[in-house]
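# Structure at a glance
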Amino acid sequence: MHEILLIALYAFLGAAGAGLLGAAVLHLLRRRSVAVSLAVVAAVAVGAMLAGTLAVAWAMFLSPHDLYVVTLVVAMAAAVSLGTALLLGRRLVVGTRQLARAARDFGDGGTFTPPPPGAAPAELAALSAELAATADRLAAARERERTLEASRRELVAWISHDLRTPLAGLRAMSEALEDGVAQDTARYHRQIRTEVDRLNSMVGDLFELSRIHAGALALHPARMSAYDLVGEVLEGADPLAREHGVRLVGERVDPVPLEVDGKEMSRVLANLLVNAIRHTPADGTVAVAAEQRAACVVLSVTDGCGGIPAEDLPRVFDTGWRGSAARTPPAGAELAPPAGAGLGLAIVRGIVEAHAGRAEVRNVPGGCRFEVTLPAAPA
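Quick notes on the rules
Residues numbered from 1 in each chain as written. Predicted model: local features only at pLDDT ≥ 70, side-chain atom pairs only at ≥ 80, totals over all residues. Heavy atoms only, no water. Helix = DSSP H or I, 4+ residues; strand = E, 2+ residues; numbered from the N terminus. Buried < 20%, exposed > 50% of the residue type's maximum accessible area, 1.4 Å probe, protein only. Areas by Shrake-Rupley, 256 points an atom, 1.4 Å probe, with all protein chains shown as cover. Disulfide = S-S within 2.5 Å. Pairing = 2+ DSSP bridges. Contact = heavy atoms within 4.5 Å. Patch = residues over 30% accessible without salt bridge, like charges linked within 9 Å, V, L, I, M, F, W, Y side chains within 5 Å. Salt bridge = Lys/Arg side-chain N within 4 Å of Asp/Glu carboxyl O. Axes fitted to C-alpha atoms, helices over the stretch in contact; angles between N-to-C directions. Left-handed = near helix turned anticlockwise from the far one by under 90°. Parallel < 35°, antiparallel > 145°, perpendicular 65-115°, else oblique.

Counting secondary structure elements, the chain contains eight helices and seven strands. The proportion of buried residues among the 379 residues of the chain is 34%. Counting every atom, the chain has about 22400 Å² of accessible surface; 62% of that belongs to carbon and sulfur.

The tally for this structure, following the rule as stated, stands at zero disulfides. The thiol of Cys305 is unpaired, and the distance to the nearest cysteine sulfur, on Cys368, comes to 3.4 Å. For Cys305, a relative accessible area of 0% corresponds to the buried category. Overall, Cys368 belongs to the buried group, its relative accessible area being 0%.

Let us now look at the pairing of strand β7 (residues 367–375). Summarising burial for β7: seven of the nine residues are buried, a large majority. In the sheet, strand β5 (residues 296–302) pairs with β7 via seven bridges, with the strands oriented antiparallel. Paired with Val301 across the bridge in β7 is Phe370. By the bridge criterion, seven bridges tie strand β6 (residues 358–364) to β7 in an arrangement that is antiparallel. Bridging across to β7, Ala359 finds its partner in Val372. Where β6 folds back onto β7 in an antiparallel hairpin, the turn is made up of two residues, including Gly366, whose phi is positive at roughly 90 degrees.

This part covers the side chain of Thr373. Relative to the helices and strands, Thr373 resides in strand β7. The class of Thr373 is buried, set by a relative accessible area of 5%. Contacts of Thr373, omitting those with residues within four sequence positions, involve Cys296, Val297, Val298, Val352, Gly357, Arg358 and Glu360.

What follows concerns helix α8 (residues 344–354). At 3.6 residues per turn, the α-helix brings residues three or four places apart onto the same side. All of the buried residues along α8 are Leu345, Ala346, Ile347, Val348, Gly350, Ile351 and Val352. Looking at the packing, one finds that the buried side of α8 touches α5 (185–213), α7 (262–278), β6 and β7. Downstream of α8 by one or two residues, Ala356 has phi in the positive range, about 65 degrees.

On the surface, a cluster of nonpolar side chains totalling about 490 Å² of accessible area is made up of Tyr68, Val69, Leu72, Val73 and Met76. With respect to the helices, strands and loops of the structure, Met76 is situated in helix α3 (residues 64–107).

The next point concerns the sheet that holds strand β2 (residues 247–253). Ordered by their spatial adjacency, five strands build an open sheet running β2-β4-β5-β7-β6, and the pairing between neighbours is mixed. Because the sheet does not close on itself, it has two edges, and the strands there are β2 and β6. With strand direction ignored, the average angle separating the axes of adjacent strands in the sheet is 20 degrees. Docked against the sheet, α7 engages β2, β4 (285–293), β5 and β7, running at close to 175 degrees with respect to β7.

The next point concerns the pattern of salt bridges. For the structure on display, the rule yields 12 salt bridges. Its salt-bridge partner being Glu175, residue Arg171 comes within 3.2 Å of it at the nearest N-O pair. Highlighted residues: Arg171 and Glu175, both in helix α4 (residues 122–179), separated by four residues, approximately one helical turn. Here Glu291 makes a salt bridge to Arg293, at a shortest N to O gap of 3.0 Å. Taken together, the shared-partner salt bridges in this structure form one network comprising Arg252, Glu291, Arg293, Arg362 and Glu371.

Turning our attention to the packing of α5 against α8. Where α5 meets α8, the closest approach of the two axes is 10 Å, and the angle between their N-to-C directions is 35 degrees. Considering how the two elements wind past one another, α5 and α8 form a crossing that is left-handed. Where α5 abuts α8, its residues Asp205, Glu208, Leu209 and Ile212 lie against Ala346, Ile347, Gly350 and Ile351.

With that out of the way, let us pick up the environment of Val56. In this fold, Val56 is placed in helix α2 (residues 34–60). Counting along the chain gives 47 residues from Val56 to Leu9, while the straight-line C-alpha distance between them is 8.8 Å.

Where α7 contacts α8, the two axes come as close as 9 Å, and the packing angle between them is 150 degrees. When the axis of α7 is compared with that of α8, the two are roughly antiparallel. In this structure, α7 meets α8 at a crossing whose hand is left-handed. Every residue of α8 that contacts α7 at Glu264, Arg267, Val268, Asn271, Leu272 and Asn275 is listed here: Gly344, Leu345, Ile347, Val348, Ile351 and Val352.

Take a look at the structure:
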């Protein structure tokens, strides 16, 4: 037992000496390639075994021949270990360089191309997959940013035009009244009032949209019936429908319960109804419906605008989208009034999403249908 402990002690001392030497070498080479570090680790492992073996052989007074044989065997093991470590290190270095090159190309504005399968160890492959997923998310974010920036520029251009037109008219009418050249002052006063109301509505829409985008839209939900909500909005839109010769139909309205902010949801339906009336030709029909589907309530407005081109459907609820040239009313349809600033449908989507719902549009025969899907009120 004493001899075994002594052999273990000699082996430990020899291996510990090789390990300390290897730790010092790794510290000196800490900034070098990982392949060099792997080679040093392999050399330390074989060196520790060799040092321990030689220490034990010296203590046991082995013959020179036996000591030579043991040394030769350990040397062959060292050569194989170093070769394996270098191959592994080379593969790791190649995979790392490929990954770094792909990340650099992506950082320069290109696309991220991960190394081919099997070209890198599992950890680097997992890192590559995460970087590829991150690259996809960043590309999608950049695309959304470009879309929003383009929409913002269009909105600023349209708002500037829409504000300039009534302001120019107000200035001309005020100058005519001031100079006393207006023949029908009452008509001028009515027109000024109309333009002021138009400007006030536009500013109100901008303020509402800014609250939605800033997340500052405060909702005050209350339980109400879809029948009452739709009835009030239909009553408010009836004068505009009569002016344009459009029939309003609300026969398919079920008295299903909703828990919504009545004021904001009325604005949603009013925007959809006004939009539908203005794009439906005279003698056309705008139908409003409300029905419960599973755990949701669907409010829909169907118009007779003639449909929206398929390529424009995804943009209908974008800020600034007007679609004045997109809709194609049937032959004989009267021209719709000038389009607004393209804020009404964007406000619709913002309010609906604030209620944890969604707003959608699709073409139907003769027109299109806007659907607002909201969670049903709890029982």
